[in-house]
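# Analysis of the macromolecular model
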Amino acid sequence: MVTRSPVTVWSEGSRLAAELIAPDAGEAPLPAILLCHGWAGLKEHLAERYAMRFAEAGFVCLVFDYRGWGGSDGRMISTPETPILTEAGEQTVKVRVIRDLVDPIDQVADVRACLAFLLTQEGVDPTRVGLWGSSYGGGHVIVTAAGDERVKAVVAQIGGFGSPSPKPEWTEFQRKRAADKARALIDPPVPQGIDAAPSLRGVPDVARQLFHSPIDAAPRVRAPTLFLDAEFEEYAEPAIHGHIYGVMKAAGVTTERVTYPCTHYKVYDEYYEPALEAARAWFARYL
């Protein structure tokens, strides 16, 4: 029997809408998996398609919405009319709420908050907790595992990892966006309605992407890591996925890479079952 319970996770003052999906534990604590969605994904998709299946296999699962997405708090920023907040304590002020922003720094902070929640959840064995991340979330789980030895297994599915050698013109553009934000040359001084990819929902904060590099974090990961990739990946160079796998293997990490003959989204449908089974088997082996 699997039970589903809505919970709230606090991440740096923001409330994240989350859901615990757990099998009947009996008396023994169970292994657990934190599932992290991609660019504009919501927890409901992960709950139905992945967490339920993992829970049926004996894992406690936690799914969540990043801040500004789904049922989670939006990001609150000052308006030009808001007085400078120089005093601590409760105040009533006018703010602007930002939603659908893809900020990798905030999203990784949300992953870490959810991991802290899951590690201390009743019925969970904190020595057997893993991370599963897909698409942009595949990069987030690498960054998180690199900084937390409590993560005992990782699955990165069609992950977004960055580049080992970003183009100088892209770095220059990111730095320009950082200056635009600092000088409030864009309104609001958090990107909205600019820099969006035509085929993707949400606005990326490209200035914050400058400081987010899963590919640089990879050599610090020590947990056994499985990569599930698309041979004809259209959102990144497939060679980059092979590169990060090679970097971790050379660092002595227990790692494997499975590549499916498809494009990015086909891993969610045409190759859903084999990818799910590969992840389940990985967690069964290392958790």
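To keep things clear, this report deals only with the structure shown in the data block.

Now for the packing of helix H2 (residues 104-119) against helix H3 (residues 136-146). To describe two helices that pack against each other, one gives the angle between their axes and the distance between the axes. As a packed pair, H2 and H3 sit with axes 10 Å apart at the nearest point and diverge in direction by 60 degrees. Here H2 runs over H3; the crossing is right-handed. Of H3, the residues touching H2 (which contributes Pro104, Gln107, Val108, Val111, Arg112 and Leu115) are Tyr136, His140, Val143 and Thr144.

Burial of nonpolar side chains together is a common tendency in soluble globular proteins. Of all hydrophobic cores here, the largest spans 48 residues; its most connected members are Leu34, Val60, Leu62, Phe64, Leu118 and Ile142. A per-element tally of this core places H2 first, with 7 residues. If we skip the residues at most four places from it in the chain, Leu62 touches Val7, Ala18, Glu19, Leu20, Ile33, Leu34, Leu35, Cys114, Phe117 and Leu118. Core analysis: the next-biggest nonpolar cluster, separate from the first, contains 32 residues, Ala55, Tyr260, Cys262 and Phe283 among them.

Moving on: unusual backbone geometry. Unusually for a residue other than glycine, Glu12 sits at a positive phi of about 50 degrees. Take Glu12: it is sitting in the loop between strand E1 (2-11) and strand E2 (14-23). The backbone phi angle of Ile158 is positive, close to 40 degrees, even though this residue is not glycine. You can see Ile158 is positioned in the loop between strand E9 (151-157) and helix H4 (168-182). Take Ile158: its relative accessible area is 1%, and that puts it in the buried class.

What follows concerns empty space enclosed by the protein. Evaluated as defined, the whole model comprises 1 cavity of 30 Å³ or more. Within this model, the largest cavity holds a volume of roughly 80 Å³.

The strand order across the open sheet built from 8 strands is E1-E2-E4-E3-E8-E9-E11-E12, with neighbouring strands paired in mixed fashion. The open sheet is flanked by E1 and strand E12 (255-260), the only strands paired with a single partner. On average, each strand axis in the sheet is inclined to that of its neighbour by 20 degrees, with strand direction left out of account. Two elements, E9 and strand E11 (residues 225-230), share 4 bridges in a ladder whose sense is parallel. Directly across from Val155, in E11, lies its bridge partner Leu226. Here H3 sits on the sheet in contact with strand E3 (30-36), strand E8 (124-134), E9 and E11, set at roughly 145 degrees to E8. In the packing of helix H7 (residues 238-250) onto the sheet, the strands contacted are E11 and E12, and the crossing angle to E12 comes to about 165 degrees.

Closest axis-to-axis distance for the helix H1 (residues 43-56)/helix H8 (residues 272-286) pair is 11 Å, and the angle between their directions is 40 degrees. Between H1 and H8, the interaxial angle falls into the category oblique. At the point where H1 passes H8, the crossing takes the right-handed sense. Only Tyr272, Glu273, Leu276, Ala279, Arg280 and Phe283 of H8 make contact with H1, whose side of the interface consists of Arg49, Tyr50, Arg53 and Phe54. Among the residues making up the contact of H1 with H8, the classes are represented as 6 nonpolar, no polar and 4 charged.

Quick notes on the rules
Residues numbered from 1 in each chain as written. Predicted model: local features only at pLDDT ≥ 70, side-chain atom pairs only at ≥ 80, totals over all residues. Heavy atoms only, no water. Axes fitted to C-alpha atoms, helices over the stretch in contact; angles between N-to-C directions. Helix = DSSP H or I, 4+ residues; strand = E, 2+ residues; numbered from the N terminus. Left-handed = near helix turned anticlockwise from the far one by under 90°. Contact = heavy atoms within 4.5 Å. Core = buried A, V, L, I, M, F, W, Y, C linked by side-chain atoms within 4.5 Å. Buried < 20%, exposed > 50% of the residue type's maximum accessible area, 1.4 Å probe, protein only. 1 Å grid on protein atoms, 1.4 Å probe; cavity = no way out; pocket = protein on both sides within 12 Å on 5 of 7 lines; lining within 4 Å. Points joined across faces, edges and corners; volume = space filled by probe spheres on them. Pairing = 2+ DSSP bridges. Parallel < 35°, antiparallel > 145°, perpendicular 65-115°, else oblique. Nonpolar A, V, L, I, M, F, W, Y, C, P; charged D, E, K, R; others polar.

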